[in-house]
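Secondary and tertiary structure notes
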Amino acid sequence: MGISDEVVRAFDWMGFTELTSIQEKCIPLMMDGHDIIAIAPTGTGKTLGFGIPMLEYVNLDDSSVQEIVLAPTRELAQQIADELTNLAHFIKGAKIAVIYGGQPFGKQMSALSRKPQILVATPGRLLDHMQRGNIRLSTVHTMVLDEADEMLKMGFIQDVEKVIESADPNRQLVMFSATTNQDVLTVSWKYQHDPIEIVVHAEADNKPDITQYVIESDQKQKYEHLLYLLDSDQYKRMMIFCNTKDMTARLCERLKKAGYSAECLHGDVRQSQRDKVMAGFRKGQFEILVATDVAARGIDVDDVEAVFNYDLPDKQEYYVHRIGRTGRAKRAGVSFSFVSFRDSIRMDEIRKYTHVEPIQLAFDEFGTLCYKDSGEPFLENL
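Residues numbered from 1 in each chain as written. Predicted model: local features only at pLDDT ≥ 70, side-chain atom pairs only at ≥ 80, totals over all residues. Heavy atoms only, no water.

**Some thoughts on the overall build of the protein chain**
- Across its full length, the protein chain holds 13 helices and 15 strands.
- In summary, the protein chain has a C-alpha radius of gyration of 22 Å against a globular reference of 21 Å for 382 residues, a match within 12%.
- Each principal axis of the C-alpha atoms in the protein chain carries an extent, and together these give about 70 × 40 × 40 Å.
- Within the protein chain, buried positions represent 51% of all 382 residues.
- Working note: accessible area of the protein chain is about 17,500 Å², and carbon and sulfur atoms make up 47% of it.
- Separation of charge centres in the protein chain, based on 43 positive and 57 negative side chains, amounts to 7 Å. (Helix = DSSP H or I, 4+ residues; strand = E, 2+ residues; numbered from the N terminus. Rg over C-alpha atoms; globule rule 2.2 N^0.38 Å. Buried < 20%, exposed > 50% of the residue type's maximum accessible area, 1.4 Å probe, protein only. Areas by Shrake-Rupley, 256 points an atom, 1.4 Å probe, with all protein chains shown as cover. Lys, Arg positive; Asp, Glu negative; His and termini not counted. Charge placed at Lys NZ, Arg CZ, Asp CG, Glu CD.)

Spelled out as structure tokens, the structure:
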């Protein structure tokens, strides 16, 4: 593909040996300057798909902002910036900055003073800096909207349009999305020039390798059933999802008091603490991350081994986002959903939405987790 030695070395240094399908399709088209709308499932390597072309044609002698990535959440923005920084490891003079809400302005002004050529941002904070005169987009030639469907669904459409309209009308606009919705199509129609559509289906090599389990468990049993699996020592890096901030905090505290290595993420956690928790989780400083759906999108930790739906999510798409935190980078993963009788209708809706029939598990009279169809002990058969 004509990729520079520095980027190839970084690709190898990061532990990758081959391109994913989305990367094979996206890189040459981006490097040829095409506008793209890419529909691809989570965990398929989209960041490197747009990151490699961005680093290939950044002008290191130009200190102006040349390339922008917009992301819907703080966590995703930080992770994109981290991955691009790793990819630029061997490129002298490449400067990447990240700005998002909740982070001190002084820290961001310091990052901007170093004249980054590539900027990763959430829409609201980027607009704030633009209105203060700290950032100008007139020199931007490539703009990427990552997780465009979620960003627009979260109500950022006006902010995104203002950002796009502040750049040169002839800039390259690349949109990545897990789904197509009307807002995504509208932005594409208004701002892209003869876009090429890339569709990568969640099949074969692109489909995450996630074995899904459902455990019959009422509200009073869930905690004990969760401990049964945690104590099995089968999984070393796990995420547990709850529906509310209160439940997330209480469950995390309960696990800590029981001696488990756990931290939590929810909307009331300060940004500095969120950054600290995510950095610790990536480094393996603790094994269990308890989170609300605010963390379901954007957490890109390749080696999460198991996801637990302590509470079944209210929306079917949240289920997909949650379990998609495992089975990444061609690793195998598992998900467990604790389902009570009251949750059965919602679980049926999730089955129809995902077109997957999870494996049914239940505890027998002796307290052993077994396959419901055969009665065989679950842990003994792993």
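Here the narrative resumes.
**Structural notes on the packing of helix 7 (residues 148–166) against helix 8 (residues 182–191)**
- Two elements in contact, helix 7 and helix 8, have axes separated by 9 Å at closest approach and are oriented at 20°. The orientation of helix 7 with respect to helix 8, classified from their angle, is roughly parallel. For the pair helix 7 and helix 8, the crossing hand works out as left-handed. On helix 8, the residues touching Ala148, Asp149, Leu152, Ile157, Glu161, Ile164 and Glu165 of helix 7 are Asp183, Val184, Val187, Lys190 and Tyr191. (Axes fitted to C-alpha atoms, helices over the stretch in contact; angles between N-to-C directions. Parallel < 35°, antiparallel > 145°, perpendicular 65-115°, else oblique. Left-handed = near helix turned anticlockwise from the far one by under 90°. Contact = heavy atoms within 4.5 Å.)

**Focus on the packing of aromatic side chains**
- Scanning the entire structure with this criterion turns up 12 aromatic pairs.
- A centroid spacing of 6.0 Å and a plane angle of 75° characterise the contact between Trp13 and Phe90, whose relative ring orientation is edge-to-face. Of the two residues, Trp13 sits in helix 1 (residues 5–13) while Phe90 sits in the loop between helix 4 (74–87) and strand 3 (96–99), which places them 77 residues apart along the sequence.
- On the accessibility criterion, Trp13 (44% relative accessible area) is partly exposed.
- Ring plane angle 15° and centroid distance 5.2 Å describe the contact between Tyr213 and Phe336, whose orientation is recorded as stacked. (Phe/Tyr/Trp six-rings, centres within 6.5 Å; stacked < 30°, edge-to-face > 60°.)

**Details of the environment of Gln221**
- Relative to the assigned elements, Gln221 resides in the loop between strand 8 (209–216) and helix 9 (222–230).
- According to the relative accessible area criterion, Gln221 is partly exposed, its value standing at 34%.
- Residues Gln221 and Thr179 lie 42 residues apart in sequence; the distance between their C-alpha atoms is 36 Å.

**Regarding the pattern of salt bridges**
- All told, the structure shown has 14 salt bridges when counted by the stated rule.
- The residue Arg132 makes a salt bridge to Asp128 at a minimum N-O spacing of 2.9 Å.
- Asp128 gets classed as partly exposed once you look at its relative accessible area, which sits at 24%.
- Among the ionic pairs, Glu263 bridges to Lys256, the shortest N-O distance being 3.2 Å.
- Among the residues examined, Lys256 registers a relative accessible area of 34% and is labelled partly exposed.
- What you see here is one network of salt bridges that share partners, running through Asp314, Asp343 and Arg346. (Salt bridge = Lys/Arg side-chain N within 4 Å of Asp/Glu carboxyl O.)

**Notes on the nonpolar core**
- Ranked by size, the top nonpolar core spans 35 residues in total, and within it Met30, Phe50, Val69, Ile80, Val120, Val144 and Phe176 carry the most contacts.
- Elements that contribute at least two residues to this core include exactly helix 1, helix 2 (21–31), strand 1 (36–39), helix 3 (46–56), helix 4, strand 4 (118–121) and strand 6 (172–177).
- Sequence-distant contacts of Phe176, that is, excluding residues within four places in its chain, are made with Ile22, Cys26, Ala38, Lys46, Phe50, Val144, Leu145, Asp146, Glu147 and Ala148. (Core = buried A, V, L, I, M, F, W, Y, C linked by side-chain atoms within 4.5 Å.)

**Structural notes on the sheet that holds strand 11 (residues 288–291)**
- Sheet architecture is open: 8 strands sit in the order 10-11-9-12-13-8-14-15, paired in mixed fashion. Of all strands in the sheet, those with a lone pairing partner are strand 10 (262–265) and strand 15 (369–371), marking the two edges. Taken pair by pair, the neighbouring strands of this sheet meet at an average axis angle of 25°, ignoring direction.
- As paired strands, strand 8 and strand 13 (residues 332–339) are joined by 8 bridges and run parallel to one another. The residue bridging Ile210 from the neighbouring strand is Gly333, located in strand 13.
- On the sheet, helix 11 (residues 271–282) packs against strand 9 (238–241), strand 10 and strand 11 and is oriented at approximately 135° with respect to strand 10. (Pairing = 2+ DSSP bridges.)

**With respect to the sheet that holds strand 3**
- Ordered by their spatial adjacency, 7 strands build an open sheet running 3-4-2-5-6-1-7, and the pairing between neighbours is parallel. Both edges of this open sheet fall to strand 3 and strand 7 (196–199), since each of them pairs with a single strand only. Here the strands of the sheet are splayed against their neighbours by 15° on average, with no regard to which way each runs.
- Relative to strand 5 (residues 142–145), strand 2 (residues 67–70) is paired through 4 bridges, and the arrangement is parallel. What sits directly across from Glu67, in strand 5, is Thr142.
- Lying on the sheet, helix 7 is in contact with strand 2, strand 5 and strand 6; it crosses strand 5 at an angle near 155°.

**A closer look at helix 3**
- Where burial is concerned, most of helix 3 is hidden: 10 out of the 11 residues are buried.
- Buried residues of helix 3: Lys46, Thr47, Leu48, Gly49, Phe50, Gly51, Ile52, Pro53, Met54 and Leu55, and no others.

In short, shape yes, function no, at least from these values alone.
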